[in-house]
Amino acid sequence: MRILSEFIQDNTKIITIQIGLNEEIEVKRKKRSSQSNKYFWELLQKLCEEMNIDVIQEYKKRVKELGIFRYWEIDTKNVPTFEKMWCDRGIAWFTEKVEEIGEKTCLNAYYGSSSFNSKQMSRLIDNLVQDCRSVGIKTLEDIEIEELIRSEYENN
């Protein structure tokens, strides 16, 4: 196996590999560690305690506001199986029924924040930080938050 070329842009590394006479292109996206996601959940817990609201419901509301989901059109009889498989990925993965068309059901399947890229995670945290600050909850400084997110994505 021989690496012919490497190209890095944003959070994506594209590698051209030669295996024997064949060439293969491999795309690697930088993943983040759990630090920014952990920070998000810590802040969310503090805000929900302060506001006396349910953490999971508030989380889902915030993810919905970001609009990070995949639209699915599924045979209605298969919806329970799909929802179980999707939601079993974690408490933060959820679905929402959009409409039923004949024997099909349209769903939005929302991704958990553990799968977010740096831009998506930054938006999620920024919105939460603003809300925390508005009720007097101490947060990291903006530069510290930016560094936390940037260093995680660059190091993975």
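Conventions we followed
- Residues numbered from 1 in each chain as written.
- Predicted model: local features only at pLDDT ≥ 70, side-chain atom pairs only at ≥ 80, totals over all residues.
- Heavy atoms only, no water.
- Salt bridge = Lys/Arg side-chain N within 4 Å of Asp/Glu carboxyl O.
- Helix = DSSP H or I, 4+ residues; strand = E, 2+ residues; numbered from the N terminus.
- Buried < 20%, exposed > 50% of the residue type's maximum accessible area, 1.4 Å probe, protein only.

Comments concerning the pattern of salt bridges
Evaluated as defined, the whole model comprises 10 salt bridges. Here Glu96 and Lys64 are joined by a salt bridge, their closest N and O atoms 2.5 Å apart. One end of the pair, Glu96, is in strand S5 (residues 94–101); the other, Lys64, is in helix H2 (residues 55–66), and 32 residues separate them in sequence. Classification of Lys64 as partly exposed rests on a relative accessible area of 35%. In this structure, Lys104 engages Asp75 in a salt bridge whose closest nitrogen and oxygen atoms are separated by 2.7 Å. On the criterion of sequence distance, the pair formed by Lys104 in strand S6 (residues 104–110) and Asp75 in strand S4 (residues 69–75) is long-range, its members being 29 residues apart. For Asp75, a relative accessible area of 28% gives the class partly exposed. Connected via shared salt-bridge partners are Glu58, Lys61, Arg62 and Asp131.

From the geometry alone we can't say anything about function, so treat these as descriptive.
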